[in-house]
Amino acid sequence: MSSPPTFGSLSGLVAGPAAPPPPSRESAYLKQAEGNLYQARKRRLDALSDPVTKDAIHRATARLTELAHPGRDYIVIRSELIYGRRLRPAPCMDGYDSRIIPPPLTRVLRGKNQYAIALYLTRLFGRQMEIARAAADNQAPPPQRRRRSSVYNSATEYSEASLIGIPGHDRHSQRRIFNRALLALQAAELVDLGGGPQRYVNYILKREDGSGYDYTIPEGEPGTPQHLCLPTEFFTAGWPLILTPSELATFLAICHYSDRKLPEKRDSDTPQRIYLAKSVRDDYLGLSDEAYESIHQLAEFGLIAVYDPVEGRRRGRISPTLTGGKRPEPYLLTPTVLGGFPSHERAFDLDVFARTAWDTVVDRLRGPLPRYAVWAGTSRKKDDENAKAAHAGAPPAS
């Protein structure tokens, strides 16, 4: 009979590899952030792929194309919608008051209404195209909308709601969504609802500066920095229907700030870039850090180009050891849609508009996660080195 095993001696045991050290807190956070981004992209893709939403967006894109006039290749937007203005210095108890008034676009964005910015932009588009058609005697205007159903989105009626792609078969729900978008615009004094039971139908479009004056198309030739010009194809491809409010506001801000800062005449083929300093974003553009992060989505969709001068930065984060403890250089941005020239010269790069916005965005969301979102910095690298060192019996890297 064999004797029972003894446990008092360790001479017969062989040491196995040590357990790898736990990942750093930064690496664990970024891994979770990547997962959250994957989920957000999936939710957005699912929403765009929903048959009802897809049909509404395609119908709106087709109707915006019908509204376009071949003799008008651009839409002009006054600067005050996008860029805040500084008050004239006025005496006060602390000296002089020279505050910066945030632009109406910022106030609409902070209201977090999904359709308000798109509604206002498409109304500017529609109004300017109506004027262009009226000036051309040989161009027949599109069918007039039915006033009674102007807030509805259906396949057989021309309506303002149908121009922003409100999905759903429930007209009461569509009307509620449209009315809330108008209320958000009224809060920024971009429309006037007036009074009465038909106020949501008979609203009045107001100027971009939030002054409360009725909207009129800017007279004469547009110029910098008073105006921003966007190609007609931005609307006929359906981009206002696809971009989120943060993406729309950031895109307009980048285009207009480029107009204000880049020289009017290019002296070389070198890409001319700008950067949006945090003070400019906070004071003049009213873009939160969360909204500013949408530069990466805009670049992924092809509307702008983003150049990162800091190696290893992902999702706006970089280890201080790589920058010597200094603040990292900002992202450099190029509004590729403008073709490298001031927008009023209308030398637009229309390549991104060869396909509809829906097709472009859905294809991008179905693809792999873009490089900016995949962490490749020192923390994950150090985790791997620590794991290898632990298996080899060496102490973890400091």
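Residues numbered from 1 in each chain as written. Predicted model: local features only at pLDDT ≥ 70, side-chain atom pairs only at ≥ 80, totals over all residues. Heavy atoms only, no water.

K.L.:
Would you explain the environment of T65 in this entry?
P.N.:
Mapping T65 onto the fold places it in helix 2 (residues 51–67). For T65, a relative accessible area of 42% gives the class partly exposed. (Helix = DSSP H or I, 4+ residues; strand = E, 2+ residues; numbered from the N terminus. Buried < 20%, exposed > 50% of the residue type's maximum accessible area, 1.4 Å probe, protein only.)

K.L.:
Sorry if this is basic, but what is going on with the nonpolar core here?
P.N.:
Among the nonpolar cores identified, the biggest contains 88 residues, and I82, F234, W239, F251, L252 and L303 are the most heavily contacted of them. If one sorts the elements of this core by residue count, helix 4 (residues 116–135) sits on top with nine residues. Contacts of F234, omitting those with residues within four sequence positions, involve W239, P240, L243, L248, F251 and F353. (Core = buried A, V, L, I, M, F, W, Y, C linked by side-chain atoms within 4.5 Å. Contact = heavy atoms within 4.5 Å.)

K.L.:
What is the right way to read the side chain of R41 from this model?
P.N.:
Mapping R41 onto the fold places it in helix 1 (residues 25–49). Relative accessible area serves as the criterion here: at 8%, R41 is assigned to the buried category. Excluding its chain neighbours within four sequence positions, the residues that come into contact with R41 are E300, R364, L365, G367, P368, L369 and P370.

K.L.:
I'm lost on the packing of helix 4 against helix 8 (residues 245–261) in this one. Help?
P.N.:
Two numbers describe a pair of packed helices, the interaxial angle and the distance between the axes. The geometry of helix 4 relative to helix 8 is characterised by a closest axis approach of 8 Å and an angle of 50 degrees between their N-to-C directions. If you check the angle between helix 4 and helix 8, you find them oblique. Along its contact with helix 4, which presents I117, A118 and L121, the element helix 8 presents P245, L248 and L252. Of the residues that constitute the contact of helix 4 with helix 8, the class distribution is six nonpolar, no polar and no charged. (Axes fitted to C-alpha atoms, helices over the stretch in contact; angles between N-to-C directions. Parallel < 35°, antiparallel > 145°, perpendicular 65-115°, else oblique. Nonpolar A, V, L, I, M, F, W, Y, C, P; charged D, E, K, R; others polar.)

K.L.:
Is there a simple way to explain the packing of helix 2 against helix 4 in this structure?
P.N.:
Contact geometry for helix 2 and helix 4: axes closest at 9 Å, N-to-C directions at 30 degrees. In terms of axis orientation, helix 2 runs roughly parallel to helix 4. Residue-level inspection shows L64, E66 and L67 of helix 2 in contact with helix 4, the latter providing T122, F125, G126, M129 and R133. Tallied by class, residues from the contact of helix 2 with helix 4 come to four nonpolar, two polar and two charged.

K.L.:
I'm lost on the confidence of the model for the protein chain in this one. Help?
P.N.:
Averaged over the protein chain, the pLDDT score is 81; the fraction of residues at 70 or greater is 72%. Between the elements of the protein chain, mean pLDDT differs from a low of 48, seen in helix 14 (residues 378–391), to a high of 97, seen in helix 6 (residues 233–236). pLDDT under 50 marks residues 377–384. Its contacts with residues more than four places away, or in other chains, come to 15 contacts. (pLDDT = per-residue confidence, 0-100.)

K.L.:
Whenever I open this one, the pairing of strand 8 (residues 227–231) confuses me. Can you help?
P.N.:
Note on strand geometry: in a regular strand, side chains alternate between the two faces of the sheet. Counting buried positions along strand 8 yields five of five residues, so the element is predominantly enclosed. Both faces of strand 8 are covered, namely the face carrying H227, C229 and P231 and the face carrying L228 and L230. In this sheet, strand 8 lies alongside strand 1 (residues 74–78) in antiparallel orientation, the contact comprising five bridges. Paired with I77 across the two strands is L228, which belongs to strand 8. (Pairing = 2+ DSSP bridges.)

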